[in-house]
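# Results of the structural survey
Listed here are the chains, written in short residue letters.
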Amino acid sequence: MFYTDVNRQAPAAEYDHAVVWITTVLLGLGLVMVYSASIAIAEGSRGTGHQSAYYLLRHGVYIALSVAIALIVFQIPLRLWQQAAPYLFVLGLALLALVLVPGIGREVNGSRRWLSLYFVNLQPSELMKLFVLIYAADYTVRKAAFMHSLRKGFLPMLAVMLLTGGLLLREPDLGAFAVIAAIAMGILFLGGMSWRLFAGLLVMLVIGFVALILASPYRLQRVLGFMDPWSDPYGKGYQLSHALIAFGRGEWFGVGLGGSVEKLFYLPEAHTDFLLAVIAEELGFAGVLAIVLLFAWLVVRAFAIGRRAVMLEHYFSALVAQGIGLWIGVQVIINMGVNMGVLPTKGLTLPLLSFGGSAVVVTCCAIALLLRIDWESRQLMRGLNV
């Protein structure tokens, strides 16, 4: 009976066109806005050779590389990803540990988060988001019978998350840890974890994050700057105050593409973490709203693809698809919250838009996985219809 109902709705398309178009639009808009936000810093920096198109060309290469790798990822069946899940997670841990080795890990602005590959820098924390997602989905499927058990279902996952968090906090990269923790928690919850265990985990995480902030002077200063950026606009409130100025200048429809003043050495990280502020200044509320709607549509499609996989009893695929939607949604909310002064300043990029090779590549790989899940579901539905 179930398969009969599904067969009546079997789609003719081979993949979700909406996901492809949303991703394409976001990547294209990101390329334009990264160029606009980075012209001044590229021309004024000796490291870029004073070339205005420096970041445009690099970001264009990153996007081309991302699409090429994503096409390869799309060819790999989900069962192989599930079989490789533990090994990918161990690989991710090894890379996180390697970053901390003096002489190997590359340090920028006091953070050791990158591995130099000569031509590009690899950021293992970005890879770890994908690896944790796959591992958590596989773990939840394997431990489905123990999701209500503290000892067999909860504690093993907590142990590996604490190990991951410890390595990330050594870099330090609290933002990546927050996203990874949200991914793992969300997948466990979607996989059937009991409400009591989930609530207990949530309370523990909140207490842990508060303790981390209080124990670190620079994190505490960021929180204080977030609470009142105008009390020290040239110190701890500098980034946020200029981001808010950019939003204020943009008003409804912006000052026009390329017309941002804040990107002219006022707003730090204008082409990466604070790209949304430049978008708000140049394209206004209308531009920001369009981006919010595109991301919301992408998250909705991810959960719809996951729901179809559940109907077909492909539970690993379903958790991966919904985990991708959760990952993108959480990271977008954090980045936008930081730019708008709703959340303390954190070093997280805006997916598919901000400049950053590792982030763009990994996010495109996640989108390719999502499309692969959708493709496999459609093929199965078509086969059942036959």
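Please refer to the structure placed before this passage.
### Section: the nonpolar core
By size, the foremost hydrophobic cluster in this structure holds 107 residues, and its most contacted members are Ile134, Phe295 and Leu369. Here the element with the most residues in this core is helix H11 (residues 275–311); it accounts for 14 residues.

### Here's the deal with empty space enclosed by the protein
A complete count under the given rule lists one cavity of 30 Å³ or more for this structure. Its volume calculated, the largest cavity comes out at about 30 Å³. Split by residue class, the lining of the largest cavity holds five nonpolar, four polar and no charged.

### Topic: the sheet that holds strand S1 (residues 105–108)
Spatial ordering of the open sheet is given by S1-S2-S3, a layout of three strands whose pairing is antiparallel. The open sheet has two edge strands, S1 and strand S3 (121–122), and neither has a second partner. Taken together, the four bridges between S1 and strand S2 (residues 111–116) define a ladder with antiparallel strand orientation. Within S2, the position partnered with Val108 by the bridge is Ser111. Each of S1 and S2 touches helix H4 (residues 78–99); the most contacted strand, S2, lies at about 110 degrees to it.

### A look at the side chain of Thr363
Counting through the fold element by element, Thr363 comes out in helix H13 (residues 357–385). Residue classification places Thr363 among the buried residues on the basis of a relative accessible area of 7%. Apart from residues lying up to four places away in sequence, Thr363 is in contact with Pro351 and Leu352.

Quick notes on the rules
Residues numbered from 1 in each chain as written. Predicted model: local features only at pLDDT ≥ 70, side-chain atom pairs only at ≥ 80, totals over all residues. Heavy atoms only, no water. Core = buried A, V, L, I, M, F, W, Y, C linked by side-chain atoms within 4.5 Å. Buried < 20%, exposed > 50% of the residue type's maximum accessible area, 1.4 Å probe, protein only. Helix = DSSP H or I, 4+ residues; strand = E, 2+ residues; numbered from the N terminus. 1 Å grid on protein atoms, 1.4 Å probe; cavity = no way out; pocket = protein on both sides within 12 Å on 5 of 7 lines; lining within 4 Å. Points joined across faces, edges and corners; volume = space filled by probe spheres on them. Nonpolar A, V, L, I, M, F, W, Y, C, P; charged D, E, K, R; others polar. Pairing = 2+ DSSP bridges. Contact = heavy atoms within 4.5 Å. Axes fitted to C-alpha atoms, helices over the stretch in contact; angles between N-to-C directions.

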